[in-house]
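Structural description and commentary
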Amino acid sequence: MPIDSTSSYPATPDAVLALLTDEQFLRDRAAALGAQVQEVTVAGTSTTTRLAAPTAGIPPVFARFVGSSVAVVERSDWSPDGAGGHRSELDVRAEVFGRVVQVTGERRLVPDPTGTRSTVTGDATVDAPLIGRQAEGAVRELVAVVLRKEDELLRRRLG
């Protein structure tokens, strides 16, 4: 099942984007996930976040392969989406024992009558014979956790 998440915020797409591209917000989001930030780079509406994400809570079948944390790189490059909205490709990557774990897709911020509708669509791929499909399901579950924590943080910041 692909990644498909929708949230609404009581603020304009520009205000939501301002938070999603704010260095302190990105650091706070990592902290909310229990991750250690290694680097955050913000250049206009482009961001790169490198962190060591904890693997606590992943299915036991994978825990023995990944250790207590995994290095993750997340890149966003936002652009106008017409009618006051914004869009960015999803690009989140990790490497575990030489195998690439990748989340790709798209995120959109679209004006709606109450403020902004945020949609995230995409999928996870894991380059691992035999366990790839199972691992992809676990990655999708982790993405859902990340989006839920991010949603909570955005709501607190936007009031």
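Further remarks concern the nonpolar core. Counting 20 residues, the largest nonpolar core has Val-103 and Val-139 as its most contacted members. Every element with two or more residues in this core is listed here: strand S3 (46–54), strand S4 (69–77), strand S6 (86–96), strand S7 (99–112), strand S8 (115–126) and helix H4 (132–158). Considering each element in turn, this core owes the most residues, 4 residues, to H4. The contact partners of Val-139, leaving out residues within four places of it in the chain, are Val-101, Val-103, Ala-124 and Val-126. Membership of the second largest hydrophobic core comes to 13 residues, among which are Tyr-9, Leu-17, Leu-20 and Val-40.

Turning to its location among the elements, Val-145 is positioned in helix H4. Taking the C-alpha atoms as reference, Val-145 lies 8.6 Å from Leu-33; in sequence the two are 112 residues apart.

Another aspect to go through is the pairing of S7. Working note: regular strand, side chains alternate between the two faces of the sheet. Here S6 runs beside S7; their pairing, made up of 11 bridges, is antiparallel. Within S7, the residue paired with Arg-87 across the bridge is Arg-108. With antiparallel pairing between neighbouring strands as the criterion, S6 and S7 make up a hairpin whose turn holds 2 residues, including Phe-97 at a positive phi of roughly 50°. Pairing geometry for S7 and S8, over 12 bridges, is antiparallel. The partner of Gln-102 across the bridge, within S8, is Thr-125. Two successive antiparallel strands, S7 and S8, enclose a turn made up of 2 residues.

Close approach of charged atoms lets side chains of opposite charge pair. A complete count under the given rule lists 15 salt bridges for this structure. In this structure, Glu-23 engages Arg-27 in a salt bridge whose closest nitrogen and oxygen atoms are separated by 3.0 Å. Here Glu-23 pairs with Arg-27, and both are found in helix H2 (residues 23–32), just 4 residues apart, close to one helical turn. In this structure, Arg-157 and Asp-28 form a salt bridge, with 2.2 Å as the shortest nitrogen-oxygen distance.

Moving on: the side chain of Arg-29. Along the polypeptide, Arg-29 turns up in helix H2. We classify Arg-29 as buried; its relative accessible area is 7%. There is a polar contact of 2.3 Å between the side chain of Arg-29 and the side chain of Glu-74. Engagement of the side chain of Arg-29 in a polar contact is seen with the side chain of Glu-150, the distance being 2.8 Å. Discounting residues that sit within four places of it in the chain, Arg-29 has contacts with Glu-74, Glu-150 and Leu-153.

What counts and what doesn't
Residues numbered from 1 in each chain as written. Predicted model: local features only at pLDDT ≥ 70, side-chain atom pairs only at ≥ 80, totals over all residues. Heavy atoms only, no water. Core = buried A, V, L, I, M, F, W, Y, C linked by side-chain atoms within 4.5 Å. Buried < 20%, exposed > 50% of the residue type's maximum accessible area, 1.4 Å probe, protein only. Helix = DSSP H or I, 4+ residues; strand = E, 2+ residues; numbered from the N terminus. Contact = heavy atoms within 4.5 Å. Pairing = 2+ DSSP bridges. Salt bridge = Lys/Arg side-chain N within 4 Å of Asp/Glu carboxyl O. Polar contact = N/O pair within 3.5 Å; in protein donor to acceptor, adjacent residues only side chain to side chain.

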